[in-house]
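# Residue-level structural notes
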Amino acid sequence: MLTALLQDVHLLGESAFRPSIPPEQSIAHPAMTAHSFALPVIIFTTFWGLIGIAGPWFVPKGPNRGVIITMLVATAVCCYLFWLIAILAQLNPLFGPQLKNETIWYVRFLWE
Amino acid sequence: MGSLFRSESMCLAQLFLQSGTAYECLSALGEKGLVQFRDLNQNVSSFQRKFVGEVKRCEELERILVYLVQEITRADIPLPEGEASPPAPPLKHVLEMQEQLQKLEVELREVTKNKEKLRKNLLELVEYTHMLRITKTFLKRNVEFEPTYEEFPALENDSLLDYSCMQRLGAKLGFVSGLIQQGRVEAFERMLWRACKGYTIVTYAELDESLEDPETGEVIKWYVFLISFWGDQIGHKVKKICDCYHCHVYPYPNTAEERREIQEGLNTRIQDLYTVLHKTEDYLRQVLCKAAESVCSRVVQVRKMKAIYHMLNMCSFDVTNKCLIAEVWCPEVDLPGLRRALEEGSRESGATIPSFMNTIPTKETPPTLIRTNKFTEGFQNIVDAYGVGSYREVNPALFTIITFPFLFAVMFGDFGHGFVMFLFALLLVLNENHPRLSQSQEILRMFFNGRYILLLMGLFSVYTGLIYNDCFSKSVNLFGSGWNVSAMYSSSHSREEQKRMVLWNDSTIRHSRTLQLDPNIPGVFRGPYPFGIDPIWNLATNRLTFLNSFKMKMSVILGIIHMTFGVILGIFNHLHFRKKFNIYLVSVPEILFMLCIFGYLIFMIIYKWLAYSAETSREAPSILIEFINMFLFPSSETHGLYPGQAHVQRVLLALTVLSVPVLFLGKPLFLLWLHNGRSCFGVSRSGYTLVRKDSEEEVSLLGSQDMEEGSNRMEEGCREVTCEEFNFGEILMTQTIHSIEYCLGCISNTASYLRLWALSLAHAQLSDVLWAMLMRVGLRVDTTYGVFLLLPVMAFFAVLTIFILLIMEGLSAFLHAIRLHWVEFQNKFYVGAGTKFVPFSFSLLSSKFSHDDNIA
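Residues numbered from 1 in each chain as written. Chains lettered and ligands numbered in written order. Predicted model: local features only at pLDDT ≥ 70, side-chain atom pairs only at ≥ 80, totals over all residues. Heavy atoms only, no water.

In terms of helices and strands, chain B carries 25 helices and 12 strands. Within chain B, the fraction of its 856 residues that count as buried is 50%. Looking at chain B alone, contacts between residues at least 24 apart form 80% of all its contacts between residues at least 6 apart. In the structure as shown, chain B presents an accessible area of about 43,900 Å², 58% of it carried by carbon and sulfur atoms. (Helix = DSSP H or I, 4+ residues; strand = E, 2+ residues; numbered from the N terminus. Buried < 20%, exposed > 50% of the residue type's maximum accessible area, 1.4 Å probe, protein only. Contact = heavy atoms within 4.5 Å. Areas by Shrake-Rupley, 256 points an atom, 1.4 Å probe, with all protein chains shown as cover.)

Structural data, given as structure tokens:
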């Protein structure tokens with residue numbers, strides 16, 4: 001919801017905006033969010049792997065055992081695959097986002 | 001796996017029902033709902049069957065019960081809706097029940113008739129009283145009227161009209177008085193004027209209270225009229241006109257005393273009638289109340305009885321005419337239950353010889369039974385709507401439970417909308433035992449039946465909404481964006497870097513409207529967002545460029561995996577039906593064809609994602625061009641995706657081209673070779689002979705597996721085990737059609753999966769537009785009255801979200817997900833040519849008794 005506020009209230013401060021970093025301080029403050037690739041892969045692979053591979057062993061015996069096991073495995077496969085496609089598509093971006101100048105100011109101000 | 005994977009195995013059983021026990025055995029069978037009866041008397045019309053008389057008797061009883069129920073509901077007596085359903089009445093009680101009901105009906109009809117007569121009588125008397133009362137005022141009023149005729153000038157001087165004065169004048173004055181309906185008054189008057197040419201005086205007044213019209217029963221307004229006429233001829237005319245207009249005419253009293261007498265007499269009579277009427281109504285109510293206690297169970301009992309006789313009509317008699325033979329389809333696991341039901345029935349009827357059964361082998365295809373519970377029923381219905389599965393083939397519903405909501409969610413992908421849908425479905429599920437929901441009308445009933453489907457759809461939509469990072473068209477920044485804007489500023493880099501790269505400073509930003517981040521610059525892209533799409537894309541103007549590429553590739557990947565899964569399910573079918581050659585000659589070429597072309601496409605997509613980054617973005621080849629060039633072999637060798645690509649592609653293409661003729665010709669040629677090489681295909685392997693189903697003597701054992709080799713779509717020519725005809729041409733033609741369908745279908749179906757991209761794009765855009773047009777307008781107003789403006793704006797936003805985005809888009813995505821399942825997924829393995837197993841069960845008869853029995 002942060003982005004909502006960003007988008008819609010920016011008119012307020014456009015004229016009064018000053019860049020937060022004065023040009024004298026040229027050392028950039030590095031953003032806190034440097035994302036690794038390995039960590040999410042490990043986490044999610046283990047998570048969906050637990051559900052899809054280990055989960056079936058814990059399903060209680062009953063008439064619906066087969067259905068529940070199939071559901072667990074299918075859910076794990078579908079959701080893991082979907083997440084994997086999303087992260088692989090962003091792994092090596094070939095181009096970057098094109099932002100409006102007001103957005104650039106506010107992203108710099110708010111997120112960094 | 002559970003029985004949802006495959007339909008259950010059935011066997012054909014013959015029941016020998018002794019004539020004394022047949023009814024009770026069927027009653028026991030109907031209570032349990034185990035078996036499906038086959039109609040053995042198909043060429044006999046329904047009027048010639050054995051138990052027609054009993055069926056007629058049941059229908060007569062039903063008619064009486066319907067009449068009873070009608071009367072009971074008309075008298076507003078509540079009917080006890082009992083939950084327990086009583087068993088069908090034993091034969092000995094049927095006769096007395098019939099007598100009872102008939103007597104009740106006769107009594108009821110008589111009492112009702114009497115009541116109606118009394119009421120009509122009462123109404124007449126009441127009308128007479130009113131008429132007398134009002135015409136009295138006419139007399140007083142007449143004094144004020146101007147005399148229209150100069151023949152009677154003395155009228156105005158008289159205080160009271162004296163009839164004798166009229167008579168002295170020689171003309172006999174007659175009076176006709178009565179009541180007429182409001183709508184007919186004017187026409188009546190006009191007619192009188194025209195017909196009697198002024199020899200009548202008509203006075204009328206409106207009756208204040210509305211009375212009931214005894215013929216139609218409606219309550220309408222009446223007018224009381226008084227016609228005075230001179231002469232007999234006019235009198236006749238007037239009377240005829242009154243008849244014509246359906247007036248209620250009552251004798252007019254000549255003198256005031258007569259009037260008083262009549263009025264007193266009427267009053268007493270009315271009082272008497274009221275008392276009698278009340279007593280009659282009380283008695284009627286009593287009778288109906290007593291009947292109401294047992295009418296519900298009677299209705300159920302009669303319905304069960306009728307169902308039993310219908311089933312009995314389907315059985316045939318054996319040669320001795322003492323025993324009924326029925327043929328039933330029974331699931332093999334229920335055979336002991338069937339035996340027990342027969343024993344129970346025999347015991348209840350107290351017959352000495354019990355009924356018994358035995359299983360008989362058959363060549364026919366049994367019906368398909370898949371046991372579902374309330375959760376799986378919805379998904380099974382989706383599959384059955386396309387076609388009920390053939391006997392013992394793989395049931396796609398088991399996988400549809402997850403893949404259908406998942407594909408829906410890929411097209412619907414919004415966290416907020418998905419959550420609302422999930423809440424709605426949760427509401428339905430938690431209240432599923434609420435009686436009003438389970439008996440609701442059409443549209444709500446559809447939602448109610450699909451509540452578990454909606455629940456899963458909502459859940460998966462929440463997940464895909466999180467991955468698309470879309471919540472009511474806004475993104476959420478949970479982990480911090482992977483794109484860093486500050487790093488684009490020249491102030492963040494050293495001098496040498498600033499010389500090499502195009503960087504920003506404040507003036508660049510002030511002067512250019514939009515600027516694009518460059519991932520080549522170190523520090524700008526800090527790694528992929530760990531869960532889903534990076535939130536910065538929601539703020540970007542080139543958002544769709546990135547998303548389109550992502551979603552198209554995702555659709556293609558999901559589609560190819562879905563279809564390959566379908567082909568693999570076909571392998572299970574071939575294994576089960578003991579047609580291993582199908583695996584090698586049909587399934588393996590199909591998989592090779594699909595994977596060599598489209599599996600390679602997936603490989604190229606993933607390779608490009610992994611191997612090419614911002615540095616090499618200039619040389620990154622377009623996958624589409626590469627894919628097309630794989631088939632076209634262009635003269636100019638473009639820079640490929642990876643080294644050695646040309647060779648790999650040539651090998652794959654060769655594999656594909658080799659698998660096509662195997663797909664076309666492999667199976668027909670193999671079958672031809674089998675047919676020529678062996679005497680009788682299929683049977684000699686198992687070494688059994690087949691007998692017809694109703695011979696009792698030589699029942700050779702036919703292994704159950706041969707019964708299951710029933711229908712396979714490829715095998716029309718060779719299914720007869722007596723191998724009369726091996727139609728090579730037909731098999732070849734069928735296989736050719738199947739292969740062409742498959743090969744062309746691979747391409748078109750893969751493209752068809754692009755609807756996953758298209759619909760999710762449409763949903764995202766609609767959602768965005770709704771936000772921009774409504775909420776943004778509301779949130780931009782920053783004065784104090786803006787708060788009050790925001791409330792209706794939010795309400796409007798909510799309503800439009802529900803109607804357009806949830807209902808319309810939801811239905812659309814639902815439909816497309818169904819289409820993807822029915823066409824693209826199921827035509828890889830599903831035949832769907834079976835019939836559903838409908839057991840003889842009393843619970844399948846309609847449970848509501850009041851509204852369904854409407855005999856028009």
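Below, the discussion takes up the overall build of chain A. Counting its secondary structure elements, chain A contains 4 helices and 1 strand. Starting at the N terminus and walking to the C terminus, you meet the elements of chain A as α-α-α-β-α. Expressed as a percentage of its 112 residues, the buried residues of chain A come to 44%. Nonlocal contacts in chain A, meaning residues at least 24 apart in sequence, comprise 65% of its contacts between residues at least 6 apart. Accessible area for chain A stands at about 6,200 Å²; split by element, carbon and sulfur atoms hold 73% of it.

Attention now goes to the pattern of salt bridges. Counted by the stated rule, this structure contains 18 salt bridges over all chains. Across the salt bridge formed by E102(A) and R513(B), the nearest N and O atoms sit 3.7 Å from each other. Placement of E102(A) in helix 4 (residues 101-111) and of R513(B) in the loop between helix 16 (506-511) and strand 12 (514-516) is noted, with the two residues assigned to different chains. Salt-bridge contacts for E105(B) lead to R63(B); the nearest nitrogen and oxygen are separated by 3.3 Å. (Salt bridge = Lys/Arg side-chain N within 4 Å of Asp/Glu carboxyl O.)

Attention shifts here to the interface of chain B and chain A. Counting from both sides, the interface comprises 82 residues of chain B and, opposite them, 58 residues of chain A. Overall, the association of chain B and chain A removes approximately 6,600 Å² of surface from exposure, summing both partners, and the carbon and sulfur fraction of that is 67%. Counting across the chain B and chain A interface gives 1 salt bridge. Linking chain B with chain A are 17 residue pairs in polar contact (both at pLDDT 80 or more), by the criterion used here. (Buried area = accessible area lost by both parts, 1.4 Å probe. Polar contact = N/O pair within 3.5 Å; in protein donor to acceptor, adjacent residues only side chain to side chain.)

In this section: the sheet that holds strand 3 (residues 173-181) of chain B. Residues and elements named next belong to chain B. Within the open sheet, the 4 strands sit side by side as 4-7-3-8. Their pairing is antiparallel. The open sheet has two free edges, formed respectively by strand 4 (200-206) and strand 8 (248-250), since each of these has just one partner strand. Within this sheet the neighbouring strands show an average axis-to-axis angle of 25 degrees, counted without direction. In the packing of helix 5 (residues 185-196) onto the sheet, contacts are made with strand 3, strand 4 and strand 7 (222-230), and the angle to strand 4 comes to roughly 175 degrees. Packing against the sheet, helix 6 (residues 232-244) makes contact with strand 3, strand 4, strand 7 and strand 8, and its axis sits at approximately 160 degrees to strand 7. (Pairing = 2+ DSSP bridges. Axes fitted to C-alpha atoms, helices over the stretch in contact; angles between N-to-C directions.)

This next bit is on the nonpolar core. Counting 127 residues, the largest nonpolar core has F82(A) and W504(B) as its most contacted members. Not counting residues up to four positions away in its chain, the partners in contact with F82(A) are F406(B), V410(B), Y463(B), T464(B), I467(B), Y468(B), M554(B) and L558(B). Formed by 59 residues, the second largest nonpolar core is a distinct cluster that contains L26(B), C58(B), L79(B) and L324(B). (Core = buried A, V, L, I, M, F, W, Y, C linked by side-chain atoms within 4.5 Å.)

Residue and element names in this part refer to chain A. The sites that UniProt annotates as "transmembrane region" (unreviewed entry) are residues 37-59 and 66-89. Here residues 37-59 is 74% helix and 0% strand, with 33 Å between the C-alpha atoms at its ends. Across residues 66-89, helical content stands at 100% and strand content at 0%; the span's end C-alpha atoms are separated by 34 Å. (UniProt positions renumbered as here; feature names shortened; annotations may be inferred.)

Glancing now at a nonpolar patch on the surface. Residues F424(B), I443(B), L444(B), M446(B) and F447(B) make up a contiguous nonpolar surface patch of about 490 Å² in total accessible area. Position of M446(B) among the secondary structure elements: in helix 13 (residues 442-449). (Patch = residues over 30% accessible without salt bridge, like charges linked within 9 Å, V, L, I, M, F, W, Y side chains within 5 Å.)

To continue, consider the layout of surface pockets. Residue and element names in this part refer to chain B. In this structure, the second largest pocket spans a volume of roughly 920 Å³. What lines the second largest pocket is a set of 27 residues, among which M446, F447, G450, L454 and F814 lie closest to the centre. At the level of elements, helix 9 (376-386), helix 11 (415-430), helix 13, helix 14 (451-468) and helix 25 (785-825) are the ones that each hand at least two residues to the lining of the second largest pocket. Ranked by residues supplied to the lining of the second largest pocket, first place goes to helix 25 with 8 residues. Of the residues contributing to the lining of the second largest pocket, the split by class is 19 nonpolar, 5 polar and 3 charged. (1 Å grid on protein atoms, 1.4 Å probe; cavity = no way out; pocket = protein on both sides within 12 Å on 5 of 7 lines; lining within 4 Å. Points joined across faces, edges and corners; volume = space filled by probe spheres on them. Nonpolar A, V, L, I, M, F, W, Y, C, P; charged D, E, K, R; others polar.)

On to the confidence of the model for chain A, then. All names here are of chain A. Per-residue confidence for chain A gives a mean pLDDT of 78; residues scoring 70 or more make up 71%. At the level of individual helices and strands, chain A shows its lowest average pLDDT in helix 1 (residues 2-13), which scores 50, and its highest in helix 3 (residues 65-89), which scores 95. Confidence drops under pLDDT 50 across residues 9-32; counting only partners more than four residues distant or on other chains, this segment forms 20 contacts. (pLDDT = per-residue confidence, 0-100.)

Residues annotated in UniProt with the feature "coiled-coil region" (unreviewed entry) correspond here to residues 94-128 of chain B. Counted over residues 94-128 of chain B, helix gives 100% and strand 0%. Its end C-alpha atoms are 51 Å apart.

Examined against the element boundaries, T75(A) turns out to sit in helix 3. Those residues in contact with T75(A) that sit more than four places away from it in its chain are W48(A), Y80(A), I402(B) and F460(B).

This part takes up unusual backbone geometry. In the Ramachandran plot, H246(B) falls in the positive-phi region, its phi being about 55 degrees despite a non-glycine side chain. Non-glycine residue R392(B) carries a positive phi angle of around 65 degrees.

This paragraph deals with a negative patch on the surface. All names here are of chain B. Together, E257, E258, E261 and E264 make up a region of like negative charge exposed at the surface. Within the secondary structure layout, E261 lies in helix 7 (residues 256-313). Overall, E261 belongs to the exposed group, its relative accessible area being 57%. (Lys, Arg positive; Asp, Glu negative; His and termini not counted. Charge placed at Lys NZ, Arg CZ, Asp CG, Glu CD.)

Turning to the packing of aromatic side chains, a few remarks are in order. All names here are of chain B. All chains considered together, the criterion is met by 51 aromatic pairs over all chains. Here F404 and F814 contribute two aromatic rings whose centre-to-centre distance is 5.2 Å and whose plane-to-plane angle is 85 degrees, an arrangement assigned as edge-to-face. Taken as a pair, F404 in helix 10 (residues 397-412) and F814 in helix 25 lie far apart in primary sequence, 410 residues in all. For F814, a relative accessible area of 26% puts it in the partly exposed group. Each residue in the set F5, Y386, F399, F565, F572, W822, F825, F829 and Y830 is aromatic and connected to the rest through ring pairs, giving one cluster. Sitting over the ring of Y67, R109 keeps its end group 4.1 Å from the ring centre. (Phe/Tyr/Trp six-rings, centres within 6.5 Å; stacked < 30°, edge-to-face > 60°. Lys NZ or Arg CZ within 6 Å of the ring centre and 35° of its normal.)

This paragraph deals with the UniProt feature "transmembrane region" (unreviewed entry) in chain B. Residue and element names in this part refer to chain B. Following the UniProt record, the feature "transmembrane region" (unreviewed entry) maps to residues 406-430, 451-468, 554-572, 584-607, 651-674 and 785-808 here. Secondary structure over residues 406-430 splits into 92% helix and 0% strand, and the C-alpha atoms at its two ends are 23 Å apart. Along residues 651-674, the helical share is 100% and the strand share 0%, with 32 Å between the first and last C-alpha atoms.

With that out of the way, let us pick up the packing of helix 2 (residues 52-74) of chain B against helix 7 of chain B. Residues and elements named next belong to chain B. Contact geometry of helix 2 with helix 7 gives a least axis separation of 9 Å together with a crossing angle of 155 degrees. Classified by the interaxial angle, the pair formed by helix 2 and helix 7 is roughly antiparallel. In the packing of helix 2 onto helix 7, the handedness of the crossing is left-handed. Among the residues making up the contact of helix 2 with helix 7, the classes are represented as 16 nonpolar, 2 polar and 8 charged. (Parallel < 35°, antiparallel > 145°, perpendicular 65-115°, else oblique. Left-handed = near helix turned anticlockwise from the far one by under 90°.)

Okay, the pairing of strand 7 of chain B next. Residue and element names in this part refer to chain B. Most of strand 7 sits inside the fold, with 9 of its 9 residues counted as buried. The alternating pattern of strand 7 places W222, V224, L226, S228 and W230 and Y223, F225, I227 and F229 on opposite faces, both of which are buried. Judged from the 9 bridges that link them, strand 3 and strand 7 form a sheet pairing that is antiparallel. Pairing of Q181 across the sheet is with W222, part of strand 7.

Residue and element names in this part refer to chain B. Of note, V328 is situated in strand 10 (residues 323-331). For V328, a relative accessible area of 0% puts it in the buried group. Beyond its immediate stretch of four places on either side in the chain, V328 contacts C11, L12, A13, L15, V35, Q36, F37 and L338.

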